[in-house]
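# Breakdown of the fold
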Amino acid sequence: MTSRRLIFTLLAVVAGALLLAPVASADLLSPESGGSPNADDIDTLYWFIFAVAAVVFVGVEGVLLYSIFKFKARKGAVPAQIRGNTRLEIGWTVGAAVILVILATLTFIKLDGIRNPPDSSANGLQLADTSRRLPPNGKSLNICVNGQQYIWRFTYAQDCKSGKNLGEPFSYEELVVPVDTTVTLDINAQDVAHAWWIPKLGGKMDAIPGYTNHTWFKIPGKLAGTTFFGQCAELCGRNHANMTARVKAVTPEQFTQWLNEQKANIKSAEEQGAAQRKQLQSGSTTNP
């Protein structure tokens, strides 16, 4: 009896810890949303499906409870031998088909907004035409997201192919982006499979070595100054839990200033590195 009570107590403590943990509870009953239109569409689609599932659940359980009390066994009663009911069988087959059509229709209505990024807003970062297939006007801030054990590298480049983005500004762990701007991500991995996921900015996307996946988000202007949190969503090694990511939303002006500072810092670091290498090389040649 004591061991059973202990087990129930431990289960209650674990359940309470999960419910109270902000990351675990998220939006509690649905995916997180509010940071990007695609995340909002995912959340809306979830609630549509939840509503349909709730109706089905209530209907099935209602019929079950009605049958339990209406046709419960009585003394001396002999149960009826029912061998089939054509109308009933056609009814539940047609009903299931209608539910499937409804869910498929809702999914395809929302899928376009989830997969395809819109154009940047007029208040967003002014971008040149990159001739990308998406968004419609071909203008987006493209960022190369590279998963490495156990850190994320973000390179601000239109071409993410190996060797094509050398010298471009980059950052680790924290991705800084302008609001009201369509941000497209080219996601890959350097070593093992990872998964990029910032819950409030949309669905997760696998980062696979040798293959590039694509996703996007667009943070509204009212969220400038907000930092969104996430982490690798696929077990990638013993330090997987430490592979976190942050997306910081700033105004277009602040982003331009930050990007210029990154370029200047990287250039200064490269010049210092080149000077140190030259000094080391000259020292090695003068010493016997």
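Higher on the page you've got the structure.
Being a predicted model, the structure only gives us computed values, none of them experimental. (Residues numbered from 1 in each chain as written. Predicted model: local features only at pLDDT ≥ 70, side-chain atom pairs only at ≥ 80, totals over all residues. Heavy atoms only, no water.)

### Focus on the state of the cysteines
Summed over all chains, the structure comprises 1 disulfide. Each sulfur of the disulfide joining Cys144 and Cys160 lies 1.9 Å from the other. Classification of the bridge connecting Cys144 and Cys160 rests on its S-S torsion, roughly -90°, and on that basis the disulfide is left-handed. Of this pair, Cys144 sits in strand E1 (residues 141–148) while Cys160 sits in the loop between strand E2 (151–155) and strand E3 (170–172), and the two are 16 residues apart along the sequence. (Disulfide = S-S within 2.5 Å. Helix = DSSP H or I, 4+ residues; strand = E, 2+ residues; numbered from the N terminus.)

### A look at the packing of helix H3 (residues 37–70) against helix H4 (residues 86–115)
At a minimum axis separation of 9 Å, H3 and H4 run at an interaxial angle of 170°. In terms of axis orientation, H3 runs roughly antiparallel to H4. In this structure, H3 contributes Asn38, Asp41, Ile42, Thr44, Leu45, Phe48, Ile49, Val52 and Val56 to the contact, and H4 contributes Ile99, Leu103, Leu106, Thr107, Lys110, Gly113 and Ile114. A class-by-class count of the residues in the contact of H3 with H4 yields 10 nonpolar, 4 polar and 2 charged. (Axes fitted to C-alpha atoms, helices over the stretch in contact; angles between N-to-C directions. Parallel < 35°, antiparallel > 145°, perpendicular 65-115°, else oblique. Contact = heavy atoms within 4.5 Å. Nonpolar A, V, L, I, M, F, W, Y, C, P; charged D, E, K, R; others polar.)

### With respect to the packing of aromatic side chains
Centre-to-centre distance and the angle between the planes together describe a pair of aromatic rings. Summed over the entire model, instances satisfying the criterion amount to 9 aromatic pairs. Centre to centre, the rings of Tyr156 and Phe255 are 5.9 Å apart; their planes meet at 45°, and the pair counts as tilted. Of the two residues, Tyr156 sits in the loop between E2 and E3 while Phe255 sits in helix H5 (residues 252–286), which places them 99 residues apart along the sequence. Exposure class is identical for Tyr156 and Phe255. Each is buried. Feature note: the residues Tyr46, Trp47 and Phe50 constitute an aromatic cluster, connected by ring pairs. (Phe/Tyr/Trp six-rings, centres within 6.5 Å; stacked < 30°, edge-to-face > 60°. Buried < 20%, exposed > 50% of the residue type's maximum accessible area, 1.4 Å probe, protein only.)

### Focus on the side chain of Asp186
Mapped onto the secondary structure, Asp186 falls in strand E5 (residues 183–189). At 2.8 Å, the side chain of Asp186 and the side chain of His214 are in polar contact. (Polar contact = N/O pair within 3.5 Å; in protein donor to acceptor, adjacent residues only side chain to side chain.)

### Description of the sheet that holds strand E4 (residues 174–178)
Pairing is mixed in the open sheet, where 3 strands are placed in the order E4-E10-E9. Where the open sheet ends on each side, the last strands, each with one partner, are E4 and strand E9 (227–231). Taken over all neighbouring pairs, the strand axes of this sheet differ in orientation by 20° on average, direction set aside. Relative to strand E10 (residues 244–250), E4 is paired through 5 bridges, and the arrangement is parallel. (Pairing = 2+ DSSP bridges.)

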